[in-house]
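Breakdown of the fold
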2 protein chains.
Amino acid sequence: MSTRSSGLSGLTSARQVGRLAPVRRTSTVDLIADRLREAVVDGSLPPGAALGEAELAFQLGVSRGPLREAMQRLTAEGLLVIPRRRGLAVRTMTPEDVRDIHWLRARIEPELGRRILARPIAERKTVLAELGTEVKRMQRALKKDDARALGDAYLDFHRGLAAWGGSIRLARMMATLLIETRLCTFSMYEHFEVAVDLVPEHVAFVDALAAGDAERFETLMCAHLDAEVRRLLAEPVAAKVDDTDRLLAETPDEPQPLDRLDLPEGI
Amino acid sequence: MSTRSSGLSGLTSARQVGRLAPVRRTSTVDLIADRLREAVVDGSLPPGAALGEAELAFQLGVSRGPLREAMQRLTAEGLLVIPRRRGLAVRTMTPEDVRDIHWLRARIEPELGRRILARPIAERKTVLAELGTEVKRMQRALKKDDARALGDAYLDFHRGLAAWGGSIRLARMMATLLIETRLCTFSMYEHFEVAVDLVPEHVAFVDALAAGDAERFETLMCAHLDAEVRRLLAEPVAAKVDDTDRLLAETPDEPQPLDRLDLPEGI
DNA sequence: GAACGTAGGGTTGTCAACAACTGAACACAT
DNA sequence: ATGTGTTCAGTTGTTGACAACCCTACGTTC
């Protein structure tokens, strides 16, 4: 009997034997979109930088068609800006964006603790283990003074939170919001910086969850997001080359007409 | 002096004279995406219907390129599903989606009252006037037993709420959530139906806002969304042709592997 | 009679070429 | 010197065509 084929523990060995898992074939557009998101997250496509699509397509080894389709996706997510006939640019986040993003996160993330604690005890343990791992990653990164790694672990921690929150739509939205949070860092700071407070804050999250205290989790999360905004906005924007704003300006230099609240692109 | 050129009231006459408003040129992709969204909202692209892209492109009078780009946008918004090589299909909403959507709305909309009431008094009056207009539209529609018109006014009411809530991201997200709500109706009911309770519920919203009572607004909104879910799920799904599910199924008929929460497409 | 293998129609995914547009540089007139 | 008009290179927006692929239906074999 190969009913317990691999040595993996309970969770992953739930896969049936004798029935092959379907081959996961993602479309080219998916792949490109993922690649672009990665590039945005790791900073190889910095905010405001205007890349030509021919160049990008060549780098990715695809033609312009699929690339353009992927670009539209990231545009819908609000990560990219496509000014008419001027190539693409990664969105530059303004202080207003920082507040906007964190306000939205504050509507959602505090509630996630409750949702996770509402899950069956077995799953709950898994979640806690996963989140604990991310916190350890953060601690290691802090010790090595590796701001990049710290940031990545931070992303994964909150991604996990959203994924286990149980809502497809929410997870998708949070994924975007987190990338945008990263973009805020890029837009506000010159370089990655290690925020020392970050780690104890996240240790406290896991503690609260382990104690089953949704209330405390909620409070902590609100405080964390609040602190995050202050950290991001404390650093003056300095003299950054803020190309996106200029590119975004469909309205040359006229103050936005007040009678129409129009979203930058589509929707 | 033509400083007050038109007879319009204070709000819109804020436009400067002697300086022309810039010509608003939206890209073709934007136009197509808008058109598609419209078609989804008004039901001319019903959930599950599988249209060929050549046919669609012909109808819209564009070539397949821009159409495909627009499709990617709607896909990112979660309104469309693009199974590999099988055309496009409007997403069919399941009962789980109904709960998901309304849970998310319940995180956001109750808070909007507070945000609107926090605005300067002048704006507040404008908002109330606008929302009042929508409610009147709803009342007229109810009197004429016009479910379609009622639904449209409902959408505009909540769109307005989100727009005046003051967050770009939130307005965008809510716009999508509202279209999805409409899709829920299409997916659950055979035809539009007039929900009689809807109108008094919305009258109460405006009343609460007029009274400056954010607390009451919050309670009312939660109750409304709750009722909405019950209304939608009360109707048994009946024997609907549910094509999307079959198309969506990347995994032929194996129960979702538990170790990976994977979103249907991209992100 | 059921399952397998095979051909056909039609659709999508990708590509490369063309046309339209933009921004910058330069010359010229006021 | 400032501003206007023109030219030009480079880029994007759009299109049509080709190849790859999926689904269906039919014929064949056991």
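Throughout what follows, the structure given in this document is the object of discussion. (Residues numbered from 1 in each chain as written. Chains lettered and ligands numbered in written order. Predicted model: local features only at pLDDT ≥ 70, side-chain atom pairs only at ≥ 80, totals over all residues. Heavy atoms only, no water.)

1. Some remarks on the protein's contact with DNA strand D
The immediate surroundings of DNA strand D are formed by 15 residues, with Glu53, Arg64 and Arg68 of chain A together with Thr28 and Ser63 of chain B found nearest. The sugar-phosphate backbone supplies 71% of the atoms of DNA strand D found within 4 Å of the protein. At a separation of 2.9 Å, a base nitrogen of DNA strand D approaches a polar side-chain atom of Arg64 of chain A. For the surface near DNA strand D, the secondary-structure elements that each account for two or more residues are helix H2 (53-60) and helix H3 (64-77) of chain A together with helix H3 (64-77) of chain B. Its residues assigned to classes, the surface near DNA strand D comprises 2 nonpolar, 5 polar and 8 charged. (Near = heavy atom within 4 Å. Polar contact = N/O pair within 3.5 Å; in protein donor to acceptor, adjacent residues only side chain to side chain. Helix = DSSP H or I, 4+ residues; strand = E, 2+ residues; numbered from the N terminus. Nonpolar A, V, L, I, M, F, W, Y, C, P; charged D, E, K, R; others polar.)

2. Quick notes on the environment of Ala70 of chain B
Residue and element names in this part refer to chain B. Relative to the helices and strands, Ala70 is located in helix H3. Residue classification places Ala70 among the buried residues on the basis of a relative accessible area of 0%. Taking the C-alpha atoms as reference, Ala70 lies 9.6 Å from Arg35; in sequence the two are 35 residues apart. Apart from the residues within four sequence positions on either side, Ala70 is in contact with Val29, Ile32, Ala33 and Leu36. (Buried < 20%, exposed > 50% of the residue type's maximum accessible area, 1.4 Å probe, protein only. Contact = heavy atoms within 4.5 Å.)

3. Some details on the protein's contact with DNA strand C
In the neighbourhood of DNA strand C, 15 residues make up the surrounding shell, with Thr28 and Ser63 of chain A together with Arg25, Arg64 and Arg68 of chain B lying closest. Among the atoms of DNA strand C lying within 4 Å of the protein, the sugar-phosphate backbone contributes 70%. Arg86 of chain A places a side-chain nitrogen or oxygen 3.1 Å from a phosphate oxygen of DNA strand C. With respect to DNA strand C, the side chain of Arg64 of chain B contributes an N or O atom lying 2.9 Å from a base nitrogen. For the surface near DNA strand C, the secondary structure elements donating two or more residues are H3 of chain A together with helix H2 (53-60) and H3 of chain B. In terms of residue class, the surface near DNA strand C is made up of 3 nonpolar, 4 polar and 8 charged.

4. Side note on the nonpolar core
Judged by nonpolar contacts, the single largest core of 116 residues is most densely connected at Leu36, Leu161 and Leu170 of chain A together with Leu36, Leu161 and Leu170 of chain B. If we skip the residues at most four places from it in the chain, Leu170 of chain B touches Trp103 and Leu104 of chain A together with Ile108, Leu112 and Ala162 of chain B. (Core = buried A, V, L, I, M, F, W, Y, C linked by side-chain atoms within 4.5 Å.)

5. Here we look at the packing of aromatic side chains
Tallying each qualifying case throughout the model produces 4 aromatic pairs over all chains. Plain terms: the ring middles of Phe205 of chain A and Phe217 of chain A are 5.6 Å apart, the flat faces sit at 55° to each other, and that makes the pair tilted. Placement of the pair is Phe205 of chain A in helix H8 (residues 198-210) and Phe217 of chain A in helix H9 (residues 214-234), with a sequence separation of 12 residues. Put simply, the rings of Phe157, Phe205 and Phe217 of chain A touch in pairs and so form one group of aromatic residues. Sitting over the face of the ring of Trp103 of chain B, Arg115 of chain A holds its NZ or CZ atom 4.0 Å from the ring centroid. (Phe/Tyr/Trp six-rings, centres within 6.5 Å; stacked < 30°, edge-to-face > 60°. Lys NZ or Arg CZ within 6 Å of the ring centre and 35° of its normal.)

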